[in-house]
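Take a look at the letters that make up each chain.
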Amino acid sequence: MQKIVSLCKRRGFIFPGSEIYGGLANTWDWGPLGVELKKNIKQIWWKFFVQDRDDMVGLDGGIIMNPKIWEASGHVAGFKDPLVECKKCHKRFRPDKLEDSSKCPDCNGEFAEEKMFSGMFKTIIGPVEKDGITTYLRPETAQAIFVNFKNVLDTSKAKIPFGIAQIGKAFRNEITTGPFIFRTLEFEQMEIEYFIAPKANWKKVFEKWLDDLYKYAEIIGLDKNKLHNNEISDEERAHYSKKTVDIEYEFAFGQDELWGLAYRTNYDLSSHEKASGQSLEYFDAKAGEKYIPHVVEPSLGVDRTVLAVLCNAYNEEKNRTVLKLDNKLAPYKVAVFPLLANKPKLVKCAKKVYNTLKQDFNTAWDARGNIGKRYFAQDEIGTPYCITYDFESLDDNAVTVRDRDTLKQERIKIKELKNYLDEKIK
Ligand code: GAP
């Protein structure tokens, strides 16, 4: 894990949050390469689950919403953890996560009585704090989907069964955090609420979604032997769920939850109908009846997906460290080098190749050091192809293309590069 964290910092994937001010525990910032990797993971998810399907539409709801939403959803009452506070150092811990819950693991101090603490961050709307409205930063993106269910129905041709998908930030005042970006205070979710009739066979729908999650895992190149299903017990399930299966992944630090799949019944829509006084019923013309739909919810953490992808891709070989990222995920698809940086003709021609490829692929330029060092650097960030423009290129209008994984080098005509890379990357 430590090697992955250090590569992420060194190469500009992920930085510790607020670093020049001494940092802020469990917050992270995404660097130039991390942001590309994360964007690719989200784009592939959106294409696979929304754009390629006829039964899905998208939404982008607010992070700050009416606090009544969080009361109706059950989060104000239920999104809490039992914590114990040390009387001496005042640090708080989850007793179920302590090896010895009789004393503080940091200072051996005595604990005060166990209390429930909200996992939601509060914020105040309005210029005067005491007169402002207190609301919460959303702890899940899902509620924006439920409260917009009617708006989506009224403005789209959606017919049950159908789903609404959303990607966005969520915030949790987590007490146990880490490792690295696994559990943080601020993270992104890719969530779907898939609406079905109350009489539909939800177990079948659930199984189909489980299959689709495994298909997505395959598309982003995760090793399927490292994925495991964990059905959550009645005692541990969230307040809204009748069945939850966590898909766990064998991360570099151990096996833990990657994504979740839950059957939320009609809990949320019913609660919002009751609390808002607005009908959230659906008229099913085919069945000739009105009902409040039920939902199956696949919920994926973006940050955790990035972490799984990084753990999956990280390889140490004899003379190099290489991120064997799926080509679709790699921040740069290709890097272009002039063989020598002090030969203006080579640099000029190599730049021309770079500028042409840039129009179709995210392309890196590197003219520092020698070729070996450039390969080393591109391997560490997972660039699948490196192109060198050399003296021969001036005569044969071809370049050397080196494959990150096989290390094989091929001579390819410059005019054929686009097709060559299109073939390899798509
Ligand atoms: N809407 C359902 C929901 O939020 P969850 O199991 O609490 O369910 C779903 O969260 C996913 O969000 C998790 O499987 C995980 O990938 C991600 N996630 C949850 N809490 C997180 C945190 N503190 N840091 C990073 N990712 C988190």
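The coordinates are above.
Criteria and cut-off values
Here, residues in each chain are numbered from 1, in the same order as that chain's written sequence. Selection of residues for local features in this predicted model requires a pLDDT of at least 70, selection of side-chain atom pairs for listing and counting requires 80 or more, and totals for whole chains, interfaces and linings are taken over all residues. Side-chain metrics rest on all non-hydrogen atoms present in the structure, leaving aside hydrogens and water. The helix count covers DSSP runs of H or I at least four residues long, the strand count covers runs of E at least two residues long, and both are numbered beginning at the N terminus. Using a 1.4 Å probe on the protein chains alone, a residue whose accessible area is under 20% of its type maximum counts as buried, one over 50% counts as exposed, and one in between counts as partly exposed. Contacts between residues were defined by any pair of non-hydrogen atoms, one from each residue, lying within 4.5 Å. Accessible surface area values rest on a Shrake-Rupley calculation with a 1.4 Å probe, where residue burial reflects the displayed protein chains alone. Near, as used in this document, describes a residue that has one of its heavy atoms within 4 Å of the molecule or strand being considered. Between N or O atoms, a polar contact is any pair within 3.5 Å; within protein, one atom must be a potential hydrogen donor and the other a potential acceptor, and residues adjacent in sequence are included only when both atoms are from side chains. Lining residues are defined by having an atom within 4 Å of a point belonging to a cavity or pocket. Those points lie on a 1 Å grid over the protein atoms alone, cavities being sets where a 1.4 Å probe fits but cannot get out and pockets being open sets with protein on both sides within 12 Å along at least five of seven lines. Criterion for pocket placement: a molecule counts as inside a cavity or pocket if more than half of its atoms are within 2 Å of its grid points. Only buried residues count toward a nonpolar core. Its members are Ala, Val, Leu, Ile, Met, Phe, Trp, Tyr and Cys residues joined through side-chain atoms within 4.5 Å. Two strands are counted as paired when DSSP detects at least two bridges linking them. Here, axes are lines fitted to C-alpha atoms. For helices the fit covers the stretch in contact, and angles between N-to-C directions go from 0 to 180 degrees. Every angle not falling under 35 degrees, over 145, or within 65 to 115 is termed oblique; those three ranges are roughly parallel, roughly antiparallel and roughly perpendicular. Three classes are used, and their members are as follows: Ala, Val, Leu, Ile, Met, Phe, Trp, Tyr, Cys and Pro are nonpolar, Asp, Glu, Lys and Arg are charged, and the others, Gly among them, are polar.

**Q** Quick question: what am I supposed to make of the overall build of the protein here?
**A** Of the regular secondary structure elements, the protein holds 13 helices and 23 strands. For the protein, the spread of C-alpha atoms along the three principal axes comes to 75 × 65 × 50 Å. Per-residue burial over the protein gives 48% buried out of 426 residues. Within the protein, counting contacts between residues at least 6 apart in sequence, those at least 24 apart form 64% of the total. With an accessible surface of roughly 21,600 Å², the protein has 49% of that area assigned to carbon and sulfur atoms.

**Q** Is there a simple way to think about the site of the ligand in this case?
**A** Close to the ligand lie 19 residues; E140, E174, E191, E257 and L258 are nearest. The contact in question runs from a nitrogen atom of the ligand to an N or O atom on the side chain of E174, over 2.7 Å. The separation between an oxygen atom of the ligand and a polar side-chain atom of Q189 is 3.0 Å. Considered on its own, the ligand offers 550 Å² of accessible surface; in the complex 91% of this is hidden by protein. Among the detected pockets, the ligand sits in the largest pocket.

**Q** What's the story with unusual backbone geometry in this structure? I'm lost.
**A** Residues apart from glycine generally show negative phi values, whereas peptide bonds are mostly found in trans. Cis geometry is found at the peptide bond from I160 to P161, where omega equals 5°. With respect to the secondary-structure elements, P161 resides in the loop between helix 6 (149–155) and strand 9 (162–171). A cis amide bond, omega -5°, links G178 with the succeeding residue P179. In this structure, N397 takes a positive phi of about 50° despite not being glycine. As for its placement among the helices and strands, N397 is situated in the loop between helix 12 (393–396) and strand 22 (398–403).

**Q** Can you help me understand the environment of V401 in this one?
**A** Of note, V401 is situated in strand 22. Along the backbone, V401 and I412 are 11 residues apart, and their C-alpha atoms lie at a distance of 6.9 Å. V401 has contacts with Y385, C386, I387, K408, Q409, E410, I412, L417 and Y420, leaving out every residue within four places of it along the chain.

**Q** Would you take a moment to explain the nonpolar core for this structure?
**A** Burial of nonpolar side chains together is a common tendency in soluble globular proteins. In this structure, F13, L37, W45, W209, Y216, L222 and W259 are the most contacted members of the largest nonpolar core, which totals 57 residues. Other than its neighbours up to four places away in sequence, Y216 contacts I41, I44, W45, F48, F49, M190, W259, L300 and T305. One finds F146, F195, L269 and V295 within the second-largest nonpolar core, a separate group that totals 25 residues.

**Q** Just to check I follow, could you spell out the environment of V399 for this structure?
**A** By the element assignment, V399 lies in strand 22. Put simply, V399 and V57 are 342 residues apart on the chain and 44 Å apart in space, counted from C-alpha to C-alpha. Excluding residues that lie within four positions of it along the chain, V399 makes contacts with I387, T388, Y389, S393, E410, R411, I412, I414 and L417.

**Q** Just to check I follow, could you spell out the pairing of strand 4 (residues 80–85) for this structure?
**A** Walk down a regular strand and you will see the side chains alternate between the two sheet faces. Two strands pair when backbone bridges link them, and strand 4 and strand 6 (residues 115–118) are joined in this way by four bridges, in the antiparallel orientation. Looking across to strand 6, one finds that K80 is bridged to S118. In the sheet, strand 4 pairs with strand 5 (residues 92–93) via two bridges, with the strands oriented antiparallel. The partner of E85 across the bridge, within strand 5, is R92. In this antiparallel pair of consecutive strands, strand 4 and strand 5, the connection spans six residues, and H90 shows a positive phi of 65°.

**Q** Even after reading the chapter, I still don't get the sheet that holds strand 22, so can you show me in this structure?
**A** By definition, the strands of a sheet pair up through backbone hydrogen bonds, in either a parallel or an antiparallel sense. The sheet built from five strands is open, its strands ordered 20-19-21-22-23 with mixed pairing. The outermost strands of the open sheet, each flanked by one partner alone, are strand 20 (363–365) and strand 23 (409–413). Strand-to-strand, the axes of this sheet are offset by a mean angle of 30°, without reference to chain direction. Where helix 10 (residues 344–358) meets the sheet, it contacts strand 19 (334–338), strand 20 and strand 21 (385–389), and its direction lies at approximately 165° from that of strand 19. Where helix 11 (residues 371–381) meets the sheet, its contacts fall on strand 19, strand 20, strand 21, strand 22 and strand 23, and the angle it forms with strand 19 comes to roughly 165°.

**Q** Please explain the packing of helix 2 (residues 32–51) against helix 9 (residues 302–313) as it appears in this structure.
**A** Between two packed helices, what matters for the description is the angle formed by their axes and the separation of those axes. Their axes nearest at 10 Å, the elements helix 2 and helix 9 cross at an angle of 110°. Between helix 2 and helix 9, the crossing angle belongs to the class labelled roughly perpendicular. The segment helix 2 lies against helix 9, with L37, K38, I41 and K42 engaging V302, T305, V306, V309 and L310. Split into classes, the residues belonging to the contact of helix 2 with helix 9 amount to six nonpolar, one polar and two charged.

**Q** Explanation requested: the side chain of Q166 in the structure shown.
**A** For Q166, the position within the fold is in strand 9. Among the polar contacts made by the side chain of Q166, one reaches the main-chain carbonyl oxygen of T141 at a distance of 2.9 Å. Once residues within four sequence positions are removed from consideration, Q166 is found in contact with W45, W46, L59, D60, G61, R138, T141, A144, I145, Q189, M190 and E191.

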